[in-house]
Amino acid sequence: MTGKLIDGKAIGQEIREEIKQRVDSLKEKGMQPGLAVILVGDNQASRTYVRNKEKSSIEAGMKSVLIELPETVSEEDLLAQVAELNKDDSIHGILVQLPLPKHIDEDLVIQAIDPDKDVDGFHPINVGKMIIGQRAYLSCTPYGIIKLLERTGTEIRGKHAVIVGRSNIVGKPMGQLLLQRDATVTYCHSKTENLAEFTKQADILIVAIGRAKFITAEHVKDGAVVIDVGMNRDENGKLCGDVEFETAKEKASAITPVPGGVGPMTITMLLKNTLQSAEKACA
Ligand code: GUN
């Protein structure tokens, strides 16, 4: 079996067009959704991510504010900047790009963001609400993966979803969102023994472990849907995922490429969360 390609770029674009229409109707009522991004220091990867977020929010018709702070900024000054954005009525979404420099407590900064403007879905209030099934901002990558599964008509109910990776921003919330949709969920991680025994049972295999081509054909059940969250460089410096795409696609019924799979969905869901925040403020 050669798996169908799950085109995150096209699905993301489709959703962005829907978002833009809703932004346009808010603008007709005199309201423009605003997203503020705080970038601390000069990490090149972070700078690229932030530039993409800025570009995409402008394309969707939103106001985009980028606040750049030096690597040496104090925790106090960063918290003061967050407090100012919390009070600013023209800003509906606040995102502090991670990682932060070591002298700053990331948890403290995330908790300083108004949960109603936490469009990353990282604030403990939003994480807690998500787990008990209340309305909350959802972490953008797992939320985007749910949309990919829905829009490709992938059945989730009753299926066995195996997640490889247990980060707070992808693996853990991913399992909860699938559980709410009636999947049977197994979490695997870097210390799991006999990993392939678990992954081979997966109807839906989601890999977010951060190791280049870690999952190969021998980990994949025939007909599985494979979602690759990884973003790595291979030995030739080429962008690649956590899944060895060429071999895994021979077993999968559908598979995401890297790039062009999960990545475009993450930014799309950030725009969706920002739009929803603005719609709430307008209601
Ligand atoms: N760093 C890498 N991914 C993310 C993300 O989704 N949000 C934030 N705030 N920082 C990140």
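What you are looking at is a predicted structure, and each value in this text was computed from that prediction instead of being measured. (Residues numbered from 1 in each chain as written. Predicted model: local features only at pLDDT ≥ 70, side-chain atom pairs only at ≥ 80, totals over all residues.)

J.: What am I meant to see in unusual backbone geometry here?
T.: Keep in mind that most residues, glycine aside, have a negative phi and that most peptide bonds are trans. Look at the link from Leu98 to Pro99: it is a cis peptide, with omega at 5°. Cis geometry marks the peptide bond from Val258 to Pro259, where omega comes out at 0°. Here Pro259 lies in the loop between strand 11 (254-255) and helix 10 (263-282). With a phi close to 70°, Asp182 is a non-glycine residue in the positive phi region. (Helix = DSSP H or I, 4+ residues; strand = E, 2+ residues; numbered from the N terminus.)

J.: Is there a simple way to explain the packing of helix 6 (residues 140-151) against helix 7 (residues 171-180) in this structure?
T.: How two helices sit against one another is set out by the angle between their axes and by the gap between those axes. One can describe the packing of helix 6 onto helix 7 by two numbers: an axis separation of 8 Å at closest approach and a directional angle of 40°. Seen from above, helix 6 lies across helix 7 with right-handed handedness. Contacts from Pro142, Ile145 and Ile146 in helix 6 reach Pro173, Met174 and Leu177 in helix 7. When the residues that make up the contact of helix 6 with helix 7 are grouped by side-chain class, the tally is six nonpolar, no polar and no charged. (Axes fitted to C-alpha atoms, helices over the stretch in contact; angles between N-to-C directions. Left-handed = near helix turned anticlockwise from the far one by under 90°. Contact = placed C-beta atoms within 7 Å. Nonpolar A, V, L, I, M, F, W, Y, C, P; charged D, E, K, R; others polar.)

J.: Which parts of the structure should I look at to understand the domain arrangement of the chain?
T.: Interfaces are often described in size by the accessible area the parts lose on coming together. Assigned domains of the chain: these are domain 1 (30-114) and domain 2 (139-263). Between the C-alpha centres of domain 1 and domain 2 there is a distance of 29 Å. (Domains from an automatic or database assignment.)

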